[in-house]
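Chain by chain, the residues:
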Amino acid sequence: MTKPLVAIRSVSKNFGEFQALKNVSLDVWAGEVMCLIGASGSGKTTLLRCVNQLTAIDAGGIWLDDELLGVREHGGRLHRLSEREIGRQRLKTGMVFQRFNLFPHKTALENITEGPTQVQGRKPDEVRAEALELLRRVGLSAKADWYPAQLSGGQQQRVAIARALAMKPMLMLFDEPTSALDPELVGEVLAVMRELARSGMTMMVVTHELGFAREVADRVVYMDQGAIVEQGRAQDVLGAPREERTRAFLSAVI
Amino acid sequence: MKPGPALAEGFPDLSGMRIAREPHWFRWLSAALIVLVLAAIVRAFAGGQIEWSYVSRFLTAKVILEGIVNTMVMAVLAMALGIVLGIVVAIMRLSPNPVLKTVAAGYTWLFRGTPLILQLLLWFNLALVFPTIGIPGLWTARAVDVMTPFLAALLGLGINQGAYTSEVMRAGMLSVDIGQYEAAQTIGMGRLRALRRIILPQAMRVVIPPLGNEFISMVKATSLASVIQYPELLHNAENIYYANSRVIELLIVAGLWYLLVVSILTPLQMLLERRFARGTLRLAR
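All of these numbers come straight from a predicted model, not from anything done at the bench.

K.L.:
Looking at this model, I keep getting lost on the overall build of chain B. Mind explaining?
P.N.:
Check the secondary structure of chain B and you find eleven helices and two strands. Listed by position from the N terminus, the elements making up chain B come as α-α-α-α-α-β-β-α-α-α-α-α-α. The C-alpha atoms of chain B give 28 Å as radius of gyration, which overshoots the globular expectation for 285 residues (19 Å, by more than 25%). Taken along its principal axes, the extent of the C-alpha atoms in chain B is 105 × 70 × 35 Å. Looking at chain B as a whole, 36% of its 285 residues qualify as buried. Counting contacts in chain B only where the partners sit at least 6 residues apart, residues at least 24 apart contribute 75% of the total. When the accessible surface of chain B is split by element, carbon and sulfur atoms take 69% of a total near 18,000 Å². Treating the 24 positive side-chain charges of chain B as one cloud and the 14 negative ones as another, the clouds have centres 8 Å apart.

K.L.:
Which parts of the structure should I look at to understand the UniProt feature "domain: ABC transporter" (unreviewed entry) in chain A?
P.N.:
When the UniProt feature table is mapped to this numbering, "domain: ABC transporter" (unreviewed entry) covers residues 6-250 of chain A. Secondary structure over residues 6-250 of chain A splits into 37% helix and 28% strand, and the C-alpha atoms at its two ends are 27 Å apart.

K.L.:
Is there a simple way to explain the pairing of strand E6 (residues 71-74) of chain A in this structure?
P.N.:
Moving residue by residue along a regular strand, the side chains alternate between the two faces of the sheet. Residues and elements named next belong to chain A. In the sheet, E6 pairs with strand E7 (residues 77-80) via four bridges, with the strands oriented antiparallel. In the sheet register, Val71 faces E7, and the bridge partner there is Arg80. Connecting the antiparallel pair E6 and E7 is a turn made up of two residues, with Gly75 showing a positive phi of about 60 degrees.

K.L.:
Explanation requested: unusual backbone geometry in the structure shown.
P.N.:
Keep in mind that most residues, glycine aside, have a negative phi and that most peptide bonds are trans. All names here are of chain A. Even without a glycine there, the phi angle at Ser10 is positive, about 50 degrees. Inspection of the secondary structure puts Ser10 in strand E1 (residues 6-15). Judged by relative accessible area, Ser10 falls into the partly exposed class, the value being 35%. The phi torsion at Phe100 lies on the positive side, around 65 degrees, for a residue other than glycine. Positionally, Phe100 belongs in the loop between strand E8 (93-96) and helix H3 (108-119). For Phe100, a relative accessible area of 8% translates into the label buried.

K.L.:
It is not clear to me how the interface of chain B and chain A should be interpreted in this structure. Could you clarify?
P.N.:
Accessible area lost during the coming together of the parts is what is often quoted as the interface size. Counting residues at the interface gives 26 residues for chain B, matched by 27 residues for chain A. Overall, the association of chain B and chain A removes approximately 2,400 Å² of surface from exposure, summing both partners, and the carbon and sulfur fraction of that is 52%. Run the count over chain B and chain A and you get two salt bridges. Between Glu114(A) and Arg197(B) there is a salt bridge, with the nearest N and O atoms lying 2.7 Å from each other. Taken together, chain B and chain A are joined by seven residue pairs in polar contact (both at pLDDT 80 or more). Within the residue set of the side of chain B that touches chain A, elements represented by two or more residues are helix H8 (178-186) and helix H9 (191-221) of chain B. Among the elements that take part in the side of chain B that touches chain A, H8(B) stands out by supplying eight residues, more than any other. Class assignment for the residues of the side of chain B that touches chain A results in nine nonpolar, eight polar and nine charged.

K.L.:
Before we go on, may I ask you to explain the nonpolar core in this structure?
P.N.:
Across soluble globular proteins, nonpolar side chains show a tendency to be buried alongside one another. Counting 85 residues, the largest nonpolar core has Leu36(A), Met204(A) and Ile64(B) as its most contacted members. Considering each element in turn, this core owes the most residues, 14 residues, to H9(B). Formed by 50 residues, the second largest nonpolar core is a distinct cluster that contains Cys35(A), Val96(A), Ala160(A) and Phe212(A).

Rules of the game
- Residues numbered from 1 in each chain as written.
- Chains lettered and ligands numbered in written order.
- Predicted model: local features only at pLDDT ≥ 70, side-chain atom pairs only at ≥ 80, totals over all residues.
- Heavy atoms only, no water.
- Helix = DSSP H or I, 4+ residues; strand = E, 2+ residues; numbered from the N terminus.
- Rg over C-alpha atoms; globule rule 2.2 N^0.38 Å.
- Buried < 20%, exposed > 50% of the residue type's maximum accessible area, 1.4 Å probe, protein only.
- Contact = heavy atoms within 4.5 Å.
- Areas by Shrake-Rupley, 256 points an atom, 1.4 Å probe, with all protein chains shown as cover.
- Lys, Arg positive; Asp, Glu negative; His and termini not counted.
- Charge placed at Lys NZ, Arg CZ, Asp CG, Glu CD.
- UniProt positions renumbered as here; feature names shortened; annotations may be inferred.
- Pairing = 2+ DSSP bridges.
- Buried area = accessible area lost by both parts, 1.4 Å probe.
- Salt bridge = Lys/Arg side-chain N within 4 Å of Asp/Glu carboxyl O.
- Polar contact = N/O pair within 3.5 Å; in protein donor to acceptor, adjacent residues only side chain to side chain.
- Nonpolar A, V, L, I, M, F, W, Y, C, P; charged D, E, K, R; others polar.
- Core = buried A, V, L, I, M, F, W, Y, C linked by side-chain atoms within 4.5 Å.

Here you go:
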């Protein structure tokens, strides 16, 4: 029996009094492209950050590739993993941020090679060749030696995608990857993501781009107030939502 | 009246007319006044009881040159110690571990809270507390032999500097966006590697101007080591005037050397700043 790549079970997360996630359970299957939609504050970004352990969960469990994240069960208790072990688990996921977060003191190429050479300890020559191939794939071969400040927002985000892919992750997480971009630059980033989806990458995408979700997503998940309200095939959730709250959200954003 | 295709009449043609220079009377007046005051001061000193021949004679005397070399050696070594301590303490201060945090805060409190000259005297007189020092069973020595003026000055100046530098470094690290740390984590970096590869290089850009300031302070603070017999510039100048009583002349000699060194350091700092500004300028390529 095959298992989902990501299994989220009864996950809760509070920030002080604010309940960001309330008992959320969700599966992501290998090769699936999942889009998470919802108003800001609905918990979709928090859920994504929990999968990457940038945010620690308060209750429940997340399994990635059949491995429990962040903690180990021993003698009827959960023990927190060491920073090194969490770092090893993080390598299975790649993360793309809303604000790109490229390293400003490194060129596009150095941004991509940093992880493979420094963290994975791979040979610089081999990594460099792969990085150049990744830059070609995101359409930025000519910008290898440019610094982030010299690139447009769309170009920076494409470098950020290449940087995440360089670690050869099993799962790509996108946190509103086009929200910080000028409207005319959104298309080039979505095109790269579309190509990535076509290549079979498993993706979790927090997005407000409903057109992209409708076209690319295998599944759309609508969240509100820290809970999953509705999920299903893109044409069903976006085209014929069953829940009143989903309908209200969709009519507000379109 | 209806707007027509022709422009309205009644506005004179100003093309070809230049904006006249303002006379700036007050600037000229104040500049002249300052020049006058400066001239008076120079004249007073020239006519005062200063034997300028002594100044030029001792400016390049061997003992003075040795003094400036010792001053620079001490300033560079103590600053290096201060920067290393400062980085370590800043990292401890920002760590989630409460023990490390408290130790770091205590260090800064202690060494920032007492006068530098007092710390120098304490280090130099450590033998009064511990007549012998060493590792039990392996090695022992008399403290007076170990705690030379050089070592006492290095420890006193360096450890004191570390307390100040740690705050400069902490400010630099806090100035780097939290997203940089998160991005480093997502490519599998641990805390220390992220600090070394991602956070510190970006913090350097911010900390170089204040560190340049601190280094210039340090060059002059080494003169305090004269009280513990370290043969730096001021100490050597004093030794000469104890012998020949030319107090003001030798103080002027020392002052000129300090000025010269600081004047050379300023452009060096500019070069260093440019080195760490990589990637922050939108250069046309």
